[in-house]
Amino acid sequence: MEFDRRDFLKLSLTAGAASALSGAISVFDNDANAAANKEGFEPLPNINIGGIIRPPGALPEKEFRAKCISCGVCVNVCHTMKYDTLSIAGLSDLKNFGLPYVKDTRDFPCALCMECLKSCPTGALQPVKKEDVKMGMALIDLSICFGWNGDVCLSCSKACPMGATIFDFYNGEWGNQPMINDKCVGCGLCAKFCPLGGSAIKIITRDEYKKVKDNYLADFKKTMNMTNEERYNLVYGVNLPLIMSRGRIIEREYRD
Amino acid sequence: MSTETNVNNTPDEEPTCSNLSKNNKKGLLNWLKGHKLSTLRRFVLIAVVVFFLLQFLRVKIAVGSLTGSLAIWFVNLLDVFAYLESIFASKDFGLIALLSALPILVVYLIFGRSFCGWVCPMDYIFHVADRIRKCKIFDFKISPNYGYIIPLVFLAVSFAVGIPVFTNYFSHLTNFFRSLTGAYFFFMDLPVAVDVIIFSFAVIGFLIILELIFPRMWCRLICPVGRVYGLFNKVSRLKLMITDNDLCKGCKACDRACYMGVKVSDYVKNGDKIIRDSNCIFCGRCIEACNTKSKIIKMNLSLK
């Protein structure tokens, strides 16, 4: 069979069109990563985010909505500072339309540069100190955290801009077990730099934290007070297979 | 003399679609000579938009949009109507917001409603839309005073709902810059919701369609931002002056040139020396259109 130039041209054009089409589809259809993400690669699947994570220094939700005029200064300032943390909310929640929020700190954490609240013209973001920011609260998923399952990771505490004031360490024979206390500002740098696929840290709102705090701390105490045998069964029987399955996500981008 | 012949509508010629759509092409240079103010106006507009586009290149000058922005360093600016809506919605005076709105207030106490003609990007978009439409007559019967209901309604709704409704959802300025930001973020693969882009472009598209059907109805009657700035026209330092009312031959070229529907010729006929009309946007088209040799309408800026 003869394969002349015309055929080659046809073939390459078809291939080009096909790849362009698949590329176009992938833009709308999201990528496989995001799909895998939705199938339980999130830390603490039982705990909701509980609302919207606002930029640092934001007023309480109701006042924030009343004051914010959707001018986009904070979003664009965040872009000029090269952090791109803030995003504009869509139409899914009509009351919230056009307002800035932190989409997913696993992709774009807040670096607490404090530029957005300085440049807010309406006062919807009030100027506060770094330490007083209350964007949210970071919770470590103890069942998939490396440090809680026999490893010495501590990536979260190294990434944390507040450092020693926020992290408590319970070092033992089951690893360097990190715990985040109430002073957390919720910037999400720890969630970004968690080496586990899908991250082992979830940022939730302060309101939601008040609700789930007791359960979460009870879980923590239960894990701490376990006997060696119970802990062995938990780590090797349940948690390590979980960690192994999540570790497969190498491309660490979670946005959809 | 070239400028005189550019505008050749004789007084008795009725303005119809056919004789107005005739374009007097006499070369770009002659056009520029006769339209110095229009040229300067477009230059200002493009400069402002370019400054706002620089934020996408991560330059921290003029970040945000024309409703609210970080002008430079620590100077924040806030549109006056957005400020009003914000304080109505939050029932709080808002010191930070007031500090941001003050520079704009001072600017408009001096320049009046010139924002609409010189800075607002919709003015240029509408101008382009006007070119698509064949008939260029801006005939519009409803009095602009009815338009004052609209900002009041929006303020009342904002007060009731607790959200700055107009600025947040329908504002042409917010949506213009939001669509730019959204499109840029989308193509740079940054976090942005697609419906934000679609909504913002849809609002701009709706306004263009409105412009094609009812020319300048948005600017003359509806736009609450312009309405509020129109109030400043009564006290602004920048004003239109008439140097010599007797020289007017009553050709009404100024009325036809004005796309905001200001009856300049009436002011001239009544013997007024100063034109203080809430719909005047200081575009200077009446000055350029005037058929008298010495151009009896003048733009005057006195700080006294």
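Residues numbered from 1 in each chain as written. Chains lettered and ligands numbered in written order. Predicted model: local features only at pLDDT ≥ 70, side-chain atom pairs only at ≥ 80, totals over all residues.

The next point concerns the overall build of chain A. Along its length, chain A carries nine helices and six strands. Expressed as a percentage of its 256 residues, the buried residues of chain A come to 40%. Contacts spanning at least 24 positions in sequence make up 75% of the contacts within chain A whose residues lie at least 6 apart. (Helix = DSSP H or I, 4+ residues; strand = E, 2+ residues; numbered from the N terminus. Buried ≥ 20, exposed ≤ 12 C-beta atoms within 10 Å, placed from the backbone. Contact = placed C-beta atoms within 7 Å.)

We now examine the pairing of strand 5 (residues 175-180) of chain A. By the bridge criterion, six bridges tie strand 4 (residues 167-172) of chain A to strand 5 of chain A in an arrangement that is antiparallel. Bridging from a neighbouring strand, Tyr-170 of chain A pairs with Gln-177 of chain A of strand 5 of chain A. (Pairing = 2+ DSSP bridges.)

On to the interface of chain A and chain B, then. Many structure descriptions define interface size as the accessible area lost when the parts assemble. Every contact between the two is made by 34 residues of chain A and, on the other side, 42 residues of chain B. Put simply, the parts of the chain that give the side of chain A that touches chain B at least two residues each are helix 3 (61-67), helix 4 (73-80), strand 1 (86-88) and helix 5 (115-119) of chain A. Take the side of chain A that touches chain B: its biggest share by element is six residues, from helix 4 of chain A. Partitioned by chemical class, the residues of the side of chain A that touches chain B number 12 nonpolar, 11 polar and 11 charged. (Nonpolar A, V, L, I, M, F, W, Y, C, P; charged D, E, K, R; others polar.)

With that out of the way, let us pick up unusual backbone geometry. Residues and elements named next belong to chain A. Positive phi outside glycine occurs at Ser-70, with the angle close to 60°. With respect to the element layout, Ser-70 can be found in the loop between helix 3 and helix 4. One non-glycine residue, Lys-82, lies in the positive phi region at around 70°. Relative to the helices and strands, Lys-82 resides in the loop between helix 4 and strand 1.

This part is about the domain arrangement of chain B. Residue and element names in this part refer to chain B. On domain assignment, one finds that chain B holds domain 1 (40-231) and domain 2 (240-304). On a C-alpha basis, the centroid separation for the pair domain 1 and domain 2 is 27 Å. For the side of domain 1 that touches domain 2, the elements supplying multiple residues, two or more each, are helix 7 (114-118), helix 13 (217-222) and helix 14 (224-232). Looking at the side of domain 1 that touches domain 2, the element that brings in the most residues is helix 7, giving three residues. (Domains from an automatic or database assignment.)

We now examine the sheet that holds strand 3 (residues 75-78) of chain B. Ordered in space as 1-2-3 (chain B), the three strands form an open sheet in which the pairing is antiparallel. In the strand order of this sheet, the two ends are held by strand 1 (63-64) and strand 3 of chain B, each with one partner.

Let's shift gears to the domain arrangement of chain A. Residues and elements named next belong to chain A. Along its sequence, chain A is organised into domain 1 (32-46 + 136-256) and domain 2 (54-134). Taking only C-alpha atoms into account, the centre of domain 1 sits 26 Å from that of domain 2. Counting from both sides, the interface comprises 14 residues of domain 1 and, opposite them, 10 residues of domain 2. Counting residues per element, the side of domain 1 that touches domain 2 draws most heavily on helix 7 (residues 189-193), at three residues. A class-by-class count of the residues in the side of domain 1 that touches domain 2 yields seven nonpolar, three polar and four charged.

Taken as a class, soluble globular proteins show a tendency for nonpolar side chains to be buried jointly. Of all hydrophobic cores here, the largest spans 121 residues; its most connected members are Cys-74, Ala-138 and Ile-201 of chain A together with Val-264 of chain B. The leading source of residues in this core is helix 5 (residues 80-90) of chain B, at seven residues. Those residues in contact with Ile-201 of chain A that sit more than four places away from it in its chain are Pro-43, Ala-138, Leu-139, Ile-140, Cys-156, Cys-190, Ala-191 and Cys-194 of chain A. (Core = buried A, V, L, I, M, F, W, Y, C linked by C-beta atoms within 7 Å.)

Our next topic: the confidence of the model for chain A. Residues and elements named next belong to chain A. Overall, the prediction assigns chain A a mean pLDDT of 81, with 80% of residues at 70 or greater. The secondary-structure element of chain A with the lowest mean pLDDT is helix 2 (residues 32-38), recorded at 47, while strand 3 (residues 137-140) shows the highest, at 91. Considering only residues more than four positions removed or in separate chains, one finds that residues 23-36, a stretch of pLDDT under 50, has nine contacts. (pLDDT = per-residue confidence, 0-100.)

Below, the discussion takes up the sheet that holds strand 5 (residues 274-275) of chain B. All names here are of chain B. Across the sheet, three strands lie side by side as 5-4-6; this open sheet has antiparallel pairing. Across the chains shown, the open sheet's two edge strands, defined by having one partner strand only, are strand 5 and strand 6 (297-301). Where strand 4 (residues 238-242) meets strand 6, five bridges bridge the pair, whose relative direction is antiparallel. The residue of strand 6 that forms the bridge with Met-241 is Lys-298.

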